[in-house]
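Residues per chain are reported as follows:
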Amino acid sequence: MAGRQEEGLDALSGAGVKTNTLLEIQSLLPSFTKSEQKVAQIVLAQTESVIYSSVIDLAEKAEVGETTVLRFCRKIGFRGYQEFKLALAQELVNPVKNLHGEVGEDDSLGIIAQKVTATNRQAIEDTNALFEMDTLERCIELLRTAGTIHFYGVGTSAVTAQDAKYTCLRIGLRVDAFTESHLQAMAAATLGPGDVAVGLSVSGSTKDTIDSLKVAKEAGATAICVTHYRRSPITNVADITLLTAAQEGPLQGGSLAAKMAQLHVLDVIFTAIAMRNKEKALMYKERTAKAVLERKY
């Protein structure tokens, strides 16, 4: 059986299908119907067996109808079930998802360190797999040429917003970060055409951040969001969506992996901006470094 599976996967390795299907399913999970979520959970938990299952087999495992499975496939961008299975098979050849397991009570300190390290590393690798270069390019140019840039974030995303502000200041961009709801709303109202507002929310459902992004957009600014979920309230407001791979459960606020995924997206953007504005970025890096020089021993 193992030989047949390896043979089948080798045959599919050159198929040229996209290799971020599992990440796409995770990103779209909240937008699925309850029946479609049952299919998604089976696919995520039993990926290897699914690629050798018929549409009837998968429907029976998920306890749904065949039409639900087909509807699920179309929702994640495939024309049918066979095309979906090809993509899954390709993903197993070049995996973008690596399950390292949750930390257990019996794990030694060394094992805990390994699992946490693997999870954080995977968050960056998976986020990189979700990059859409045309979208990223558009964001880079909008931020590079913006009159004013605002970052909005609350909770742990507030930390990312502040970090983004510091980085932008060092390369000469006109920027501010707002992490309190009233200040966010007032600041957003002062923006206009040519300005950019960036909303940071892992869940994509943070009301204060979404409301502030709405105000900024109504004022004429371009709205960008950085979130884990492709279909979430914040993506309905934003002009451009940048996806991160790491997610947070309801009891897992402050996940370092989720924060690292946000920072990775922004780091790629800011590095590209600095390279394109090389002389200006170098000048401001020198100026800002001198400005804080006397504050160090």
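Just so it is clear, the model here is predicted, and its values are computed rather than measured. As a convention, each chain's residues are numbered from 1 in the sequence order in which they are written. Reporting in this predicted model follows two pLDDT cut-offs: at least 70 for local features of residues, and 80 or more for side-chain atom pairs to be given and counted; totals over whole chains, interfaces and linings ignore these cut-offs and use all residues. Side-chain numbers come from the whole structure's heavy atoms, not from hydrogens or water.

(A) Empty space enclosed by the protein, seen in detail. Grid points spaced at 1 Å over the protein atoms alone were grouped into cavities, where a 1.4 Å probe fits but cannot get out, and pockets, open sets with protein on both sides within 12 Å along at least five of seven lines, with lining residues defined by an atom within 4 Å of a point. Grid points are joined across faces, edges and corners, and a volume is the space filled by probe spheres set on the points. By the definition in use, this model includes 1 cavity of 30 Å³ or more. As a volume, the largest cavity reaches approximately 80 Å³. Taken together, L130, F131, E132, T135, L136, R230, T241, L242 and L243 form the lining of the largest cavity. Elements that contribute at least two residues to the lining of the largest cavity include exactly α9 (133–144) and β5 (240–243). Helix and strand definitions follow DSSP, with helices as H or I runs of at least four residues and strands as E runs of at least two, each counted in order from the N terminus.

(B) Main features of the environment of R79. Inspection of the secondary structure assignment puts R79 in the loop between α6 (66–75) and α7 (81–93). Judged by its relative accessible area of 74%, R79 falls in the exposed class. One polar contact links R79 to E83, side chain to side chain, over a distance of 2.6 Å. Each residue's exposure class comes from its accessible area (1.4 Å probe, protein chains only) as a fraction of the maximum for that residue type: buried when under 20%, exposed when over 50%, partly exposed otherwise. Distance and chemistry together define a polar contact, namely a pair of N or O atoms within 3.5 Å, with one atom able to donate a hydrogen and the other to accept it when in protein, and with adjacent residues in sequence counting only for side-chain atoms on both sides.

(C) Structural context of the sheet that holds strand β1 (residues 149–152). The 5 strands lie next to each other as β2-β1-β3-β4-β5, forming an open sheet whose pairing is parallel. Looking along the sheet, the strands with just one partner apiece sit at the ends: β2 (175–178) and β5. The mean inter-strand angle of the sheet, taken between neighbouring strand axes irrespective of direction, is 20°. The sheet contact formed by strand β3 (residues 196–200) and strand β4 (residues 222–227) spans 5 bridges and is parallel. Following the sheet pairing, L200 is matched in β4 by V226. Throughout, a contact is declared for two residues whenever any of their heavy atoms are within 4.5 Å. To get an axis, fit a line to the C-alpha atoms, keeping to the stretch in contact for a helix; angles then go from 0 to 180 degrees between the N-to-C directions. Across the sheet, helix α12 (residues 207–218) lies against β1, β3 and β4, angled at about 170° from β3, the strand it touches most. Set on the sheet, helix α14 (residues 256–276) makes contact with β1, β3, β4 and β5; between it and β5 the angle comes to about 120°. Only strands that DSSP links by at least two bridges are regarded as paired with each other.

(D) Region of interest: unusual backbone geometry. Phi is positive for E63, close to 60°, though the residue is something other than glycine. Relative to the elements of secondary structure, E63 occurs in the loop between α5 (55–62) and α6.

(E) Representation of the nonpolar core. Residues belong to one nonpolar core when they are buried, are Ala, Val, Leu, Ile, Met, Phe, Trp, Tyr or Cys, and are joined through side-chain atoms within 4.5 Å. Ranked by internal contacts, the top residues of the largest apolar core, which has 30 residues, are F151, V198, L242, I269, F270 and I273. Of all the secondary-structure elements, those providing two or more residues to this core are α9, β1, α10 (156–170), β2, β3, β4, β5 and α14. No other element matches α14, which puts 7 residues into this core. Discounting residues that sit within four places of it in the chain, F270 has contacts with F151, A164, T167, C168 and I171.

Bear in mind that shape data such as this cannot, by itself, settle questions of function.
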